[in-house]
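# Results of the structural survey
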Amino acid sequence: MNKALAHFVKEPLAYDLREMVSDEEMQEMAQDCENLRKDLYTHEIMVYKYTP
């Protein structure tokens, strides 16, 4: 999932969703996905690191 989100963040316009959302909305969605990805995987690393 991390790789899929990272790919979307790098190339949001590669996903042909123009019928549903504008390019600007795709860029905004990519930023939201990046924030989610960071939250998910930063938390996962912290839990792994500090689990006894």
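Residues numbered from 1 in each chain as written. Predicted model: local features only at pLDDT ≥ 70, side-chain atom pairs only at ≥ 80, totals over all residues. Heavy atoms only, no water.

### What to know about the packing of aromatic side chains
According to the stated counting rule, one finds one aromatic pair in the structure shown. Between Phe8 and Tyr15, the aromatic rings sit 5.3 Å apart at their centres with planes inclined by 65°, giving edge-to-face as the arrangement. (Phe/Tyr/Trp six-rings, centres within 6.5 Å; stacked < 30°, edge-to-face > 60°.)

### Here we look at the nonpolar core
Core analysis: the largest hydrophobic core is formed by six residues, namely Leu5, Phe8, Val21, Met26, Ala30 and Cys33. Secondary structure elements with two or more residues in this core: α1 (2-10) and α2 (23-50). When residues in this core are grouped by element, the largest group, three residues, is from α2. Among residues more than four places away in sequence, those in contact with Met26 are Phe8, Pro12, Leu13, Tyr15, Leu17 and Val21. (Core = buried A, V, L, I, M, F, W, Y, C linked by side-chain atoms within 4.5 Å. Buried < 20%, exposed > 50% of the residue type's maximum accessible area, 1.4 Å probe, protein only. Helix = DSSP H or I, 4+ residues; strand = E, 2+ residues; numbered from the N terminus. Contact = heavy atoms within 4.5 Å.)

### Brief notes about the pattern of salt bridges
Charged atoms that come close allow side chains of opposite charge to pair. Evaluation of the coordinates by the stated rule reveals two salt bridges. Measuring nitrogen to oxygen at the nearest pair gives 2.9 Å for the salt bridge that ties Glu34 to Arg37. Within this pair, Glu34 and its partner Arg37 are both found in helix α2, separated by three residues, close to a single helical turn. When sorted by exposure, Glu34 lands in the same class as Arg37, which is buried. Close ionic contact of Lys38 with Glu34 constitutes a salt bridge, the shortest N to O distance being 4.0 Å. Taken as a pair, Lys38 and Glu34 lie in helix α2 at a separation of four residues, close to a single helical turn. The partly exposed category is assigned to Lys38, whose relative accessible area is 46%. (Salt bridge = Lys/Arg side-chain N within 4 Å of Asp/Glu carboxyl O.)

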